[in-house]
Amino acid sequence: MARVGILGGTFNPPHIAHLVCAQEARAQLGLDRVVLMPVHTPPHKEVVADPGAAVRLALCQAAAEGDPGLEVSALEVDRGGPSWTVDTLRAIHARAPGDELTFIVGGDQAQGLPTWRAPAEILERAVLAVAEREGILREDVRARLEDLAPEDRLVFFDMPRIDISSSQLRRRVAAGRPIRHLVPERVAELIAERGLYRTPTPATLTPMEASPHDRS
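Fair warning: this is a prediction, and the values are worked out from it, not measured in the lab. As a convention, each chain's residues are numbered from 1 in the sequence order in which they are written. Per-residue local features are limited, in this predicted model, to residues with pLDDT of at least 70; the limit for side-chain atom pairs, both in listing and counting, is 80 or more; totals at the level of whole chains, interfaces and linings are taken over all residues. Based on all heavy atoms of the structure, the side-chain values leave hydrogens and waters out of the count.

(A) The sheet that holds strand β6 (residues 154-158), seen in detail. Criterion used throughout: strands pair if DSSP finds at least two bridges between them. We count a stretch as a helix when DSSP gives it H or I for four or more residues in a row; a strand needs E for two or more, and each element gets its number in order from the N terminus. The parallel open sheet is built from six strands, whose spatial order is β3-β2-β1-β4-β5-β6. Each having just a single partner strand, β3 (70-72) and β6 make up the two edges of the open sheet. Sheet twist, expressed as the mean angle between neighbouring strand axes with direction ignored, is 30°. When strand β5 (residues 127-132) meets β6, the two strands line up parallel, connected through five bridges. By the bridge assignment, A129 is partnered in β6 with V155. Whether two residues are in contact is decided by their heavy atoms, any of which lying within 4.5 Å being enough. Lines are fitted to the C-alpha atoms to define the axes, a helix being fitted only along its stretch in contact, and any angle between axes, read from their N-to-C directions, falls within 0 to 180 degrees. On top of the sheet, helix α2 (residues 53-64) reaches β2 (33-38) and β3; it is set at about 160° to β3, its chief contact. Here helix α4 (residues 85-95) sits on the sheet and contacts β1 (3-9), β2 and β4 (100-106); the angle it forms with β4, its principal contact strand, is near 155°.

Here's what the structure looks like:
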């Protein structure tokens, strides 16, 4: 049996805030590994400047290179269609029924959990781990989920403040500005090699995109 963290999102592109989130969840919650789970299609939003799910998967694989505690899953990409969290957790349980799952979210996503598909089943199949950030208090999250999440199905961990988002990185690439040190080196190389994100995109997303979840 393994204690496995699931960190989902569009990862368009993956960056250091995603990796720090995975690292801190693993260290603070005693997880054996964290799995990056790029979505195929977020259920309720468009992926801006999407290079395609297969490309985002490749970027995640590049980001995870050399980190023995970090893995990448193609489950949602291979399945296609909207990436509903409850369907993903069902599939993981079917493949590895003995594993203990922890689903990692930001505070804003945690507060939105009651609107997700089958939220009670999500909490039956996985502990919800909330990355604490400035602006969203632990007490607010607990109050929002008090009728849904038993105390043992909701945990918190500290997340250093890193004001970087995938939307900011796409705009930097489009403007010809460097992204070195903001993403893993191999991710930067793939973005350059494939000519990704060179077309400017609207500045419609906020730094909260550094929280890695775009799902329900």
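(B) Layout of the side chain of S73. Inspection of the secondary structure puts S73 in the loop between β3 and α3 (75-79). Pairs of N or O atoms are called polar contacts if they sit within 3.5 Å, as long as, within protein, a hydrogen donor faces a hydrogen acceptor (for residues adjacent in sequence, only side-chain-to-side-chain pairs). Within the structure, S73 has its side chain in polar contact with the backbone nitrogen of L75 (distance 3.1 Å). Residue contacts for S73: discarding those within four places in its chain leaves V35, L36, M37, P38 and L57.

(C) Representation of the pairing of β5. Burial of β5 is extensive: six of the six residues sit out of reach of the surface. Each residue's exposure class comes from its accessible area (1.4 Å probe, protein chains only) as a fraction of the maximum for that residue type: buried when under 20%, exposed when over 50%, partly exposed otherwise. Across the two faces of β5 the burial is the same, with V127, A129 and A131 and L128, V130 and E132 all buried. In this sheet, β5 lies alongside β4 in parallel orientation, the contact comprising five bridges. Within β5, the position partnered with G106 by the bridge is A131.

(D) Expanded view of the environment of A110. Relative to the elements of secondary structure, A110 occurs in helix α5 (residues 107-111). Residues A110 and V130 lie 20 residues apart in sequence; the distance between their C-alpha atoms is 6.7 Å.

(E) Representation of the packing of aromatic side chains in the model. The rule is short: rings of Phe, Tyr and Trp, with Trp giving its six-membered ring, pair when the centres are within 6.5 Å, and they are stacked under 30 degrees, edge-to-face over 60, tilted in between. Across all of its chains, the model carries one aromatic pair by this definition. Between F103 and W116, the aromatic rings sit 6.3 Å apart at their centres with planes inclined by 90°, giving edge-to-face as the arrangement. Taken together, the residues span a long stretch of sequence, with F103 in strand β4 and W116 in the loop between α5 and α6 (119-125) at a distance of 13 residues. With respect to burial, F103 and W116 carry one shared label: buried. By the criterion adopted, a ring carries a charge over it if an Arg CZ or a Lys NZ lies within 6 Å of its centre and within 35 degrees of its normal. Residue placement shows R117 over the ring face of W84; its charged tip is 3.8 Å from the ring centre.

(F) Quick peek at the state of the cysteines. The disulfide criterion used throughout: a pair of cysteine sulfur atoms within 2.5 Å. Taken as a whole and judged by the stated rule, the model has zero disulfides. With no disulfide partner, C21 has as its closest neighbouring cysteine sulfur the one in C60, 13 Å distant.

(G) Representation of the environment of G107. Topologically, G107 is positioned in helix α5. Put simply, G107 and A175 are 68 residues apart on the chain and 31 Å apart in space, counted from C-alpha to C-alpha.

Structural measurements only, silent on function.
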